[in-house]
Amino acid sequence: MDLGFSAAEHAFRDEARSWLAGHVPATPLPSLETAEGFAAHREWERTLFADRWSVVTWPEEHGGRGASLVQWLLFEEEYHAAGAPGRVAQNGISLLAPTLFEHGTDEQRARVLRPMASGEVVWAQAWSEPESGSDLASLRSTATRTTGGWLLDGQKTWSSRAAFADRAFGLFRSDPDTARPHQGLTYLMFPLDAPGVTVRPIGRLDGKPAFAELFLDEVFVPDADVIGEPGQGWRVAMSTAGNERGLTLRSPGRYTAAAERLAALWRAAPAGTDPALGGRVADALTGARAYQLFAYAQASRLAAGHSLGAEPSLNKVFWSELDLALHETALELLGPYGALSDEAVEAPAHGSWAEGYTFALAGPIYAGTNEIQRDIIAERLLGLPKGRR
Amino acid sequence: MDLGFSAAEHAFRDEARSWLAGHVPATPLPSLETAEGFAAHREWERTLFADRWSVVTWPEEHGGRGASLVQWLLFEEEYHAAGAPGRVAQNGISLLAPTLFEHGTDEQRARVLRPMASGEVVWAQAWSEPESGSDLASLRSTATRTTGGWLLDGQKTWSSRAAFADRAFGLFRSDPDTARPHQGLTYLMFPLDAPGVTVRPIGRLDGKPAFAELFLDEVFVPDADVIGEPGQGWRVAMSTAGNERGLTLRSPGRYTAAAERLAALWRAAPAGTDPALGGRVADALTGARAYQLFAYAQASRLAAGHSLGAEPSLNKVFWSELDLALHETALELLGPYGALSDEAVEAPAHGSWAEGYTFALAGPIYAGTNEIQRDIIAERLLGLPKGRR
Amino acid sequence: MRFLLTDEQREFARALDGMLGAAGVPAAARAWASGEHKPGRALWARLAQAGVFGLAVPERYAGAGRLPVELAVAFVELGRHAVPGPVVETVASAAFLTRLGDAGAAGAAAAGEWLPRIAAGDTVLSLAAGAPYALDADAADAVLVVEGDTVRRTDAHGPVQPSLDPVRRLSRPLGGTVLARDPAVSAAAAHARDLARLATAAQSLGLGRALLAATVAHVKQRTQFAVPLGSFQAVKHRLADALIGLELAEPLVYAAALAVAAGAPSAGREVAAAKAAAGEAGYATARTALQLHGAVGYTEELDLSLWIRKARPLRDAWGTPAECRTRVLEG
Amino acid sequence: MRFLLTDEQREFARALDGMLGAAGVPAAARAWASGEHKPGRALWARLAQAGVFGLAVPERYAGAGRLPVELAVAFVELGRHAVPGPVVETVASAAFLTRLGDAGAAGAAAAGEWLPRIAAGDTVLSLAAGAPYALDADAADAVLVVEGDTVRRTDAHGPVQPSLDPVRRLSRPLGGTVLARDPAVSAAAAHARDLARLATAAQSLGLGRALLAATVAHVKQRTQFAVPLGSFQAVKHRLADALIGLELAEPLVYAAALAVAAGAPSAGREVAAAKAAAGEAGYATARTALQLHGAVGYTEELDLSLWIRKARPLRDAWGTPAECRTRVLEG
């Protein structure tokens, strides 16, 4: 049992730190969820990619550094500690790329990955449909066979970043006659500017168009943009849904950095601040550290050849509740200034606490609600009986 | 809308207060859950009854004062504020007596009520069976017809106070052939010292025999001790299970008094006490006041001829969680002395906080677990669909 | 003792509920958020006509007399319908000006000038006391700014600072003229703060009731895994907890109103307890509403967002739960 | 970085688990609670034989060297099996005496006298530092009492004060002789406190694991309303939360052990964080175990009660969550 890092890990961390010190913008970029901010963040992805910091765990041939998961954790710690911008390429990198690595063709990888990592092509996910929230197997949008490809019809929703993104990926029902709802689905990539695609931005709680509805009317997708076998989409999507991806969706570095900033707020709090908030700051520090260490242990197990199984459901519940508690504590520490939106000129820390709070409110909902995750934990990790809810 | 009390209510409260001031033992009685304490508490019931303070809401003919529910609430406030002893007659008074008033015969009331109220006959409830906890309809103990009465067989458990009590009441399956589990049950009263009854005391968490297992082997019960019609026991038991009884099971006075004592602990806490505990003390004060006011509103509605329906489920969840939070806060305020059991010579306040904590731990379990109560709240008060859990 | 709303009070609530339900409040709130106050002011006039503002104004100033219970009843409905604007600040200003008038202090003339206009719905006031920002100063006819024993009135304010509830527009009051400098000012401000807490607690309660009702309706109708969402035990229990929080906060609110009405020494403590409990219950219900609506609850498209976003600022306005708990402990 | 227990550490845990599972610990614990220490002392000897106490004793005193990670591994198992006695106090005493010996202070002779005997399981020590009571003074060969720069040893104690966990017997140490009066005493006591916190955190973790396992087994087997209790979503979610708490506390415990092993400046903070998290997770799991077992969980008849009653005192021993949070904030 050893928490010491190797010379290579130290060197990697140092290199990341000094690169970030030289490149992270001095003032925060405009919000990622605005047109202006989206463009600025896309530019930032280009900067990251140019020096091979966009996708450190990818092979060098695709613009990465072949970094280990541990190195990625260290990079993320440095990244968030440096206050670097949010990642507009995140959806593609964390949701689509693992699927391409496992199920894509060489041609797809060669064509898709580099532009994804450089921000040239920003990807949106298109999983949910109006009647399919947690119950993804009940999808209704269709992919119909046509010459050289497929025609997509139907409606997708809660497509993060789709208001400004270039392309999207999702599951479509290619065989309506299967007996079970998980069968007959196909995993496809499609352009958001193609004929037949209508993108209707949806404002989240703070009004920013953080996601969109997609209306698809005979949208042509060539065979080259099917991932895996047609009809096998559910298996393709699920095979990379857990495990490493559950860990990499939200890195511990995000929370260790936020907890440190929270502790700084606490230390600077004016006299008369509710002393009970101190305990909550301590809990945030401890929670962030716990998640960091838990991830180290998971990375160690993966490196030792173990699988995580359903364990990432623990991560999801934990980081989403930590994030919310942390930001609620921050807003309380800010007193009357905690009421300001991130767009207020006088908002503390350029509005990052307000933005973080709004973002955190969604945490228990997306990527599988925490209710679903607790069911999974109980059934798959504790072995409790399925079936009734 | 008026929170002012009438002259009669004031007079009643004043009379109770001055009687209590003259009669409440200066030092607490030994624990109710011990043989010695049981005897002392039985004696206290006799004292209460002698001056008609045992069952204030009962008609005068049965030893009460015909007091209103509001007067009862005021009496309970005074009772607990005075630090008066726990009520060993409580099970009979709050669980059996309402059933007798509604479904008993004049003969039963004349025979049973006064000795119950005076502590001469202490009653234990015998609802649960080893395989029937929350699921009371699955009872297996039987009542078999015999000349002039019934023979009871089977096993009951979690029979509160049965280790020292005189008689018990419960439901028995008198017709094993009914289609539905709620049918064919009969409500009976039986002696705990009769031939065929074996009482095995069970120690609760602190070791005290607060309840017992009852083994029944052809225990004869005369027809005179059936309440309501044979076979109608479920209906008889349930008709008084909710409504007023849900309110009177745990009076608000218990919590307002405990919250005031908690606030006194807080004011006397040594320097260096966790300041966050202050917020929890305030919450206990507010919670106790809320429950008091909620009960006033319920009493007002009952007086106006309304019914409470499933509402007492709200009371149950609220007071049980309040009680636990309040006692956990007290133990924290007591620092190292909060670890002592009520039997420790150095236990603060004669061990009442420790005893109260142990008792509070059971609150979310008995009288319908809080999980069951939340199901009831959701289904009956909010109208959510039944069936799945 | 009869701790129940009277038939008249219930009827008043029902009438307000009906009026507000038909008045297009969500549209007015959205307009208000964009700085367009006309529909909100029209709504304001209707509230005045229904007698809401007169409940904080004595009869000698053309009000209905100070009626805190009825005021609480009204503010539950204002919360239930997420009415925009400095409604709390205006009635608190009325309470402040009335006290100032009672004390015969320097600002008494202001009471005579403004109170009848407040009752009539012609004047919208904001109030800042011990806080950097005033609510909706850009929509108000004036802002009263209390600092210690001094009260100023001003029409000027700094740039609007959007808040997490965009319908609540905050800005710093600037400059202004001194209305009064008198020891009675701080006493009047303390009383006004209590009334503001009471009205805000009532709003939180009404807001929570509306959120609970909307969420119960949603989970009955929305199916997942082929059954209604509301048949899942986790959903049931979360909604049961929301109901418990609101049901137990409600009597605290009305008891606090009675204490204020009676001028009881306990009023400050009771108002604080009600504010903490109702504010927390409202916010907890909003979190539940958001979680159980899922992504659709997280959008500003549903009117639900008007309610969800308001829960936290109401919880904190005029006394955070921590401040209120401290007040409760003071006894 | 390889933040995993080694095969040797796992094997050590497995061996202890097996030994304790077969050793009749619950009976020993019940005897201990009644003041009958013989079975507990026999168990103590077997723990010593397995090398547990030597993990806190340097090699020069016939120990295995100071091995905080292995000590944490061992104490997880001691917690899992609810082992009675001042196990934490004895290893903390060992840490204290070792430091005193290192400092060459007046009490160094005591190190030479006691440490080999602690490692061998021949000496049971209790330790009181800044607290009125010592744990199991009636069972210990001696109690070390630290006050500021002074440490006393005593065999005398006041009457046993039963605690809410009857297996934990508290009493006031009385009188005694001064072992040392030296600035090194308080530094050694601070170090001992950290080790006590670490060991207690590990116990809480093991205790919680055992409670969770027992409760999962119970709800799989127990039926209500014709289905297993474990098929109810409310039951599932409560157990899921217990697992989350324990899983996330575990790495804090081992990281704290590594920090202590390395003598890192962060050790005190890390130990405090681990103590708070593991203590709260253990207590929360005990509450869940009690609730989901229902009435049967509330009796002392089931051995489960030995675990349930220990969760809260372990949470509070050697630093309540509040004290530990304060320590975390100090950085």
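Would you take a moment to explain the domain arrangement of chain A for this structure?
Much of the literature gives interface size as the accessible area that the parts lose upon coming together. Residue and element names in this part refer to chain A. Domain parsing of chain A yields domain 1 (7–88), domain 2 (123–237) and domain 3 (246–381). The straight-line distance from the C-alpha centre of domain 1 to that of domain 3 is 20 Å. Across the contact, 14 residues belong to domain 1 and 17 residues belong to domain 3. Roughly 1100 Å² is buried in total at the junction of domain 1 and domain 3, and carbon and sulfur atoms are behind 71% of that figure. There are zero salt bridges connecting domain 1 and domain 3. In this structure, the connection of domain 1 to domain 3 is made through four residue pairs in polar contact (both at pLDDT 80 or more). The element best represented in the side of domain 1 that touches domain 3 is helix α3 (residues 69–81), accounting for nine residues. Of the residues assigned to the side of domain 1 that touches domain 3, the class counts are seven nonpolar, three polar and four charged.

Can you walk me through the sheet that holds strand β9 (residues 177–181) of chain D in this structure?
Pairing between sheet strands relies on hydrogen bonds along the backbone, with the strands arranged either parallel or antiparallel. Residue and element names in this part refer to chain D. Reading across from one edge, β1-β3-β4-β9 is the order of the four strands in this open sheet, with mixed pairing throughout. The outermost strands of the open sheet, each flanked by one partner alone, are β1 (125–129) and β9. Averaged over all adjacent pairs, the angle separating strand axes in this sheet is 20°, with direction ignored. Sheet contacts for helix α5 (residues 87–102): β1, β3 (142–147), β4 (150–154) and β9; angle to β1, the most-contacted strand, approximately 75°.

I keep staring at the interface of chain C and chain B and nothing clicks. Help me out?
Counting residues at the interface gives 38 residues for chain C and 44 residues for chain B. Surface buried jointly by chain C and chain B totals about 3600 Å² across both partners, of which 72% is contributed by carbon and sulfur atoms. Arg325 of chain C is the partner of Asp283 of chain B in a salt bridge, and the nearest nitrogen-oxygen pair spans 2.6 Å. If you look at where chain C meets chain B, you find twelve residue pairs in polar contact (both at pLDDT 80 or more). Those elements giving two or more residues to the side of chain C that touches chain B turn out to be α7 (183–221), β11 (227–228), α8 (233–262), α9 (267–293) and α11 (321–330) of chain C. Counting residues per element, the side of chain C that touches chain B draws most heavily on α8 of chain C, at 15 residues. Its residues assigned to classes, the side of chain C that touches chain B comprises 25 nonpolar, six polar and seven charged.

Looking at this model, I keep getting lost on the sheet that holds strand β9 (residues 177–181) of chain C. Mind explaining?
All names here are of chain C. Strand order in this open sheet of four strands is β1-β3-β4-β9, and the pairing throughout is mixed. Among the strands making up the open sheet, the edge pair consists of β1 (125–129) and β9. Ignoring which end each strand starts from, the neighbouring axes of this sheet average 20° apart. Note: β1 against strand β3 (residues 142–147), five bridges, orientation parallel. Its bridge partner being in β3, Ala128 is matched across the sheet by Val145. Together, β1, β3, β4 (150–154) and β9 form the strand contacts of helix α5 (residues 87–102), whose direction differs from that of β1 by roughly 75°.

For this particular structure, what's the right way to read the packing of aromatic side chains?
Any pair of aromatic rings gets described here by the distance separating the centres and the angle formed by the planes. Counted by the stated rule, this structure contains 47 aromatic pairs over all chains. Look at Tyr337 of chain A and Tyr133 of chain C: their rings are 5.6 Å apart centre to centre, the planes differ by 80°, and that puts the pair in the edge-to-face class. Placement of the pair is Tyr337 of chain A in the loop between α10 (312–333) and α11 (352–362) and Tyr133 of chain C in the loop between β1 and β2 (134–135), with the two residues belonging to separate chains. Its relative accessible area of 28% is what places Tyr337 of chain A among the partly exposed residues. Overall, the relative accessible area of 7% leaves Tyr133 of chain C in the buried class. Cluster of aromatic residues (ring-pair linked, three or more members): Phe12, Trp19, Trp44, Trp53, Phe75 and Tyr79 of chain A.

Before we go on, may I ask you to explain the interface of chain C and chain A in this structure?
Listed per partner, the contact involves 36 residues of chain C and 43 residues of chain A. Counting the surface lost from both chain C and chain A, the interface buries some 3300 Å², and carbon and sulfur atoms represent 57% of this. Across the contact surface, chain C and chain A share six salt bridges. In this structure, the salt-bridge partner of Arg172 of chain C is Glu346 of chain A, at a minimum N-O distance of 3.0 Å. At the junction of chain C and chain A, the tally comes to 20 residue pairs in polar contact (both at pLDDT 80 or more). Secondary-structure elements contributing two or more residues to the side of chain C that touches chain A are β6 (161–162), α8, α9 and α10 (304–316) of chain C.

Whenever I open this one, the nonpolar core confuses me. Can you help?
One broad trend across soluble globular proteins is that nonpolar side chains are buried collectively. Phe3, Phe75, Phe96 and Leu97 of chain D are the most contacted members of the largest nonpolar core, which has 194 residues in total. With sequence-adjacent residues up to four places away left out, Phe3 of chain D is seen in contact with Met1, Asp2, Leu3, Leu293, Tyr296, Ala297 and Ser300 of chain A together with Pro251, Tyr254, Ala255 and Leu258 of chain D. With 193 residues, the next largest nonpolar core counts Leu314 and Leu322 of chain B, Val146 of chain C together with Trp32 of chain D among its residues.

Got a minute to help me understand the packing of α5 of chain C against α7 of chain C in this structure?
Geometrically, a packed helix pair is captured by the angle between its two axes and the distance between the axes. All names here are of chain C. Where α5 contacts α7, the axes come no closer than 8 Å and their chain directions differ by 150°. Taken as axis vectors, α5 and α7 run roughly antiparallel relative to one another. Along this stretch, α5 crosses α7, giving a crossing that reads as right-handed. On α7, the residues that touch Val87, Val88, Val91, Ala92, Ala95, Phe96, Arg99 and Leu100 of α5 are Ala184, Val185, Ala188, Ala189, His191, Ala192, Leu195, Ala196, Ala199, Thr200 and Gln203. Grouping the constituent residues of the contact of α5 with α7 by class yields 15 nonpolar, three polar and one charged.

What is the right way to look at unusual backbone geometry in this model?
Even without being glycine, Ala367 of chain A reaches a positive phi, approximately 55°. Position of Ala367 of chain A among the secondary structure elements: in the loop between α11 and α12 (370–381). Phi angles above zero are rare outside glycine, and Ala226 of chain C is one such case at about 70°. Relative to the elements of secondary structure, Ala226 of chain C occurs in the loop between β10 (223–224) and β11. The class of Ala226 of chain C is exposed, set by a relative accessible area of 75%.

Reading the values: rules and limits
Residues numbered from 1 in each chain as written. Chains lettered and ligands numbered in written order. Predicted model: local features only at pLDDT ≥ 70, side-chain atom pairs only at ≥ 80, totals over all residues. Heavy atoms only, no water. Domains from an automatic or database assignment. Contact = heavy atoms within 4.5 Å. Buried area = accessible area lost by both parts, 1.4 Å probe. Salt bridge = Lys/Arg side-chain N within 4 Å of Asp/Glu carboxyl O. Polar contact = N/O pair within 3.5 Å; in protein donor to acceptor, adjacent residues only side chain to side chain. Helix = DSSP H or I, 4+ residues; strand = E, 2+ residues; numbered from the N terminus. Nonpolar A, V, L, I, M, F, W, Y, C, P; charged D, E, K, R; others polar. Pairing = 2+ DSSP bridges. Axes fitted to C-alpha atoms, helices over the stretch in contact; angles between N-to-C directions. Phe/Tyr/Trp six-rings, centres within 6.5 Å; stacked < 30°, edge-to-face > 60°. Buried < 20%, exposed > 50% of the residue type's maximum accessible area, 1.4 Å probe, protein only. Core = buried A, V, L, I, M, F, W, Y, C linked by side-chain atoms within 4.5 Å. Parallel < 35°, antiparallel > 145°, perpendicular 65-115°, else oblique. Left-handed = near helix turned anticlockwise from the far one by under 90°.

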